[in-house]
Amino acid sequence: MNPSPTIRKVFQGVASRAQMFRMFDRHHQRPNRWDGDATPLYAGEWFEIGEAEHDYMFEILPPLWIRGSMFAMREFLTGSVTSVFFTLRVDEAIRFFHGYCDLSDPASVETMRVAIIERENRPIRAMTREERLEHIWSSTADDYRGYAGERWPEASRGKRTVMLYGGKGGTFLKLLEDLSHDEIAAKLPVQLRHLPSPIAA
């Protein structure tokens, strides 16, 4: 299921309202959804939203807290993980972001705020391999993504899969983490296919 405690951008561009709601639970198809602690799976994920979406979420329920240009949702997703919404100045522009923070760590919100600003202040648009894979996962319809089941080798079970088109061979499933450079490019929108990596930037 690929849990990761790192702070990570999971969508390139500004998410629409429909995309925002869909990404609130990017892992809802995971096997054994109601077993175990899902905190590592969600904590640290973030993406950009529009001002209207930010304001809508502010008005939907009374926030758990408001701290300057940030507020947290009262309803927790899992354990001590909840949505935190950020209004940040990046390159002289006011932008809006959603992130999942583990509030059991008092530093998690500020750590995420700093990480978002640092990531978005890169002088050239760039995407890491991990960001490309996360964007593919976020933007792929449920019918075309899933998790490796019993037909897969034991070491692969529970890992994320996506459906690829194999030409005359039809469609087939492949582990998300094993996609080649060309397969990643084919799954990304045209405007994202040729972005440099941060090293090249």
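Owing to the predicted nature of the structure, the values given are computational and were not obtained by experimental measurement. (Residues numbered from 1 in each chain as written. Predicted model: local features only at pLDDT ≥ 70, side-chain atom pairs only at ≥ 80, totals over all residues. Heavy atoms only, no water.)

1. A word on the overall build of the protein chain
Under the convention used in this document: Here a helix means four or more residues in a row that DSSP labels H or I, a strand means two or more in a row labelled E, and each is numbered from the N terminus. In this treatment the radius of gyration is a C-alpha quantity, and the globule benchmark scales as 2.2 Å times the residue count to the 0.38 power. For the exposure calls, accessible area comes from a 1.4 Å probe over protein chains only, and a residue counts as buried if that area is under 20% of its type's maximum, exposed if over 50%, partly exposed in between.
The secondary structure content of the protein chain amounts to six helices and nine strands. Expected size for 201 residues packed as a compact globule is a radius of gyration near 17 Å; at 17 Å, the protein chain falls within 12% of this value. In terms of its C-alpha atoms, the protein chain occupies a principal-axis envelope of roughly 55 × 40 × 30 Å. Residue burial in the protein chain is summarised as follows: out of 201 residues, 44% are buried.

2. Topic: the sheet that holds strand E9 (residues 171–175)
Applicable threshold: Strands were regarded as paired on the criterion that DSSP finds at least two bridges between them. Axis definition: a line fit to C-alpha positions, over the contact stretch in the case of helices; interaxial angles, taken between N-to-C directions, run 0 to 180 degrees.
Here we have three strands laid out as an open sheet, ordered E7-E8-E9, and antiparallel in their pairing. Strands with a single pairing partner mark the edges of an open sheet, and in this sheet they are strand E7 (145–147) and E9. The sheet shows a mean angle of 35° between the axes of neighbouring strands, direction not considered. Taken together, the five bridges between strand E8 (residues 160–165) and E9 define a ladder with antiparallel strand orientation. Paired with Met163 across the two strands is Leu173, which belongs to E9.

3. A short note on the pairing of strand E5 (residues 81–90)
In terms of burial, E5 is largely enclosed, as eight of its ten residues are buried. Where strand E4 (residues 70–78) folds back onto E5 in an antiparallel hairpin, the turn is made up of two residues, including Gly79, whose phi is positive at roughly 50°. Of the strand pairs in this sheet, E5 and strand E6 (residues 93–102) are connected by ten bridges, and their pairing is antiparallel. Bridging from a neighbouring strand, Leu88 pairs with Arg95 of E6.

All quantities given are derived from atomic positions and should not be read as evidence of function.
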